[in-house]
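Residue strings, one per chain:
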Amino acid sequence: SKPAPKPIVEPDMNNLPEHPMPAHQKKHAAMTIKAVKRLKDAGPFLKPVDIVKLNIPFYYNYVKRPMDLSTMEKKIQVDAYETPKQLTEDFNLMVNNCYAFNGKNSVISQMARNIQASFEKHMLHMPPKDAPAEATRR
Ligand SMILES: CN1C(=O)c2ccccc2Sc2cc(NC(=O)[C@@H]3CCCO3)ccc21
């Protein structure tokens, strides 16, 4: 029917959380996204899907909440995340958007799974919220 309009761009600077992720978790989150961006399969996920460049006017009819690595990086920088779980949810959203539009068995979806595996490995080392700062503990 009609191409759906572009969704609201994130992060919503008028709706940031009161208690964002603490600094030691924010640092690990930023390092994780930085590492994922260097992967050979990260290319198509570095920036928001460009519906003009890709000539896909109906993309937003399938994908209601676009997500990409630069948006996640921005959200980390402006303290839009309260928990590491919310970062993981955005990463999974990016992968599921790829499945929704391209199909799970597409080459691009395999690339999404490859970078998701690397993201999950890095997130295993995310420090707990109340991690004692090494210097002051003991
Ligand atoms: C995640 N994803 C896609 O989900 C997508 C959506 C529709 C059609 C193809 C694809 S693969 C893909 C390719 C690019 N490619 C590019 O951005 C560059 C510029 C336009 C052509 O290559 C970016 C995103 C993307």
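Residues numbered from 1 in each chain as written. Predicted model: local features only at pLDDT ≥ 70, side-chain atom pairs only at ≥ 80, totals over all residues. Heavy atoms only, no water.

## Considering the nonpolar core
For the record, the criterion: Residues enter a nonpolar core if they are buried and are Ala, Val, Leu, Ile, Met, Phe, Trp, Tyr or Cys, with the set joined through side-chain atoms within 4.5 Å. Using a 1.4 Å probe on the protein chains alone, a residue whose accessible area is under 20% of its type maximum counts as buried, one over 50% counts as exposed, and one in between counts as partly exposed. Runs of E in the DSSP output that reach at least two residues are strands. Runs of H or I that reach at least four are helices, and both are numbered from the N terminus. For this analysis, residues touch if any pair of their heavy atoms sits within 4.5 Å.
Counting 24 residues, the largest nonpolar core has Phe45, Leu69, Met72, Leu87 and Phe91 as its most contacted members. For this core, the elements supplying multiple residues, two or more each, are α1 (23-37), α3 (69-77), α4 (84-102) and α5 (107-123). A total of seven residues in this core trace back to one element, the largest contributor, which is α4. Dropping the residues within four chain positions of it, Phe91 is found in contact with Val36, Leu69, Met72, Ile115, Gln116 and Phe119. By size, the runner-up hydrophobic cluster in this structure holds five residues, among which are Ala4, Ile56, Tyr59 and Val63.

## Looking at the packing of aromatic side chains
Let me state the cut-off plainly: What counts as a ring pair is set by centres within 6.5 Å for rings of Phe, Tyr and Trp (its six-membered ring), and what kind of pair is set by the plane angle: stacked under 30 degrees, edge-to-face over 60, tilted for all other angles.
Using the criterion set out here, one finds four aromatic pairs in the structure. Aromatic pair Tyr59 and Tyr60: ring centres 5.7 Å apart, planes at 65°, arrangement edge-to-face. By relative accessible area, which is 7% here, Tyr60 ends up buried. Ring geometry for Phe91 versus Phe119: centroids 4.2 Å apart, planes at 15°, classification stacked. Of this pair, Phe91 sits in helix α4 while Phe119 is found in helix α5, placing the two residues 28 residues apart along the sequence. Across this residue pair, the class does not change: Phe91 and Phe119 are buried. Each residue in the set Tyr59, Tyr60, Tyr62 and Phe101 is aromatic and connected to the rest through ring pairs, giving one cluster.

## Notes on the site of the ligand
The following threshold applies: In these notes, residues near a molecule or strand are those with any non-hydrogen atom within 4 Å of it. For the purposes of these results, a polar contact is taken to be a pair of N or O atoms within 3.5 Å, where, inside protein, one atom must be able to donate a hydrogen and its partner to accept one; residues adjacent in sequence count only when each atom of the pair is a side-chain atom. For every accessible area listed, the method is Shrake-Rupley and the probe measures 1.4 Å; residues are considered covered only by the protein chains on display. For this classification, Asp, Glu, Lys and Arg are treated as charged, while Ala, Val, Leu, Ile, Met, Phe, Trp, Tyr, Cys and Pro are nonpolar and the rest, including Gly, are polar.
Every residue lining the ligand is accounted for by Pro44, Phe45, Lys53, Leu54, Ile56, Phe101, Asn102 and Ile108. Residue Asn102 places a side-chain N or O atom 2.8 Å away from an oxygen atom belonging to the ligand. When the ligand is considered free in solution it has 530 Å² of accessible area, and contact with the protein chains removes 66% of it. Looking at the shell around the ligand residue by residue, the class counts come to six nonpolar, one polar and one charged.

## Section: the pattern of salt bridges
We count it as follows: A carboxyl oxygen of Asp or Glu within 4 Å of a side-chain nitrogen of Lys or Arg is what we treat as a salt bridge.
In this structure the tally under the stated criterion is eight salt bridges. Notably, a salt bridge pairs Asp41 with Lys40, separated by 3.3 Å at the nearest N-O pair. With a shortest N-O distance of 2.7 Å, Asp90 and Lys75 are connected by a salt bridge. Linking Asp90 in helix α4 with Lys75 in helix α3, this pair joins segments that are 15 residues apart in sequence. Each of Glu10, Arg65, Lys75 and Asp90 takes part in a single network of salt bridges with overlapping partners.

## Thoughts on the packing of α3 against α4
Rules: Lines fitted to C-alpha atoms define the axes here, with helix axes fitted over just the stretch in contact, and angles between the N-to-C directions of these axes take values from 0 to 180 degrees. Small angles under 35 degrees read as roughly parallel and large ones over 145 as roughly antiparallel, with 65 to 115 read as roughly perpendicular and the rest as oblique. Throughout, a crossing is termed right-handed when the near helix is turned clockwise from the far one, and left-handed when it is turned anticlockwise from it by less than a right angle.
Look at α3 against α4: their axes get within 10 Å of each other, and the N-to-C directions meet at 165°. Taken as axis vectors, α3 and α4 run roughly antiparallel relative to one another. Note that α3 runs across α4; the crossing there is right-handed. Every residue of α4 that contacts α3 at Leu69, Met72, Lys75 and Ile76 is listed here: Leu87, Asp90, Phe91 and Met94. In terms of residue class, the contact of α3 with α4 is built from six nonpolar, no polar and two charged.

The analysis is restricted to geometry; functional conclusions fall outside its scope.
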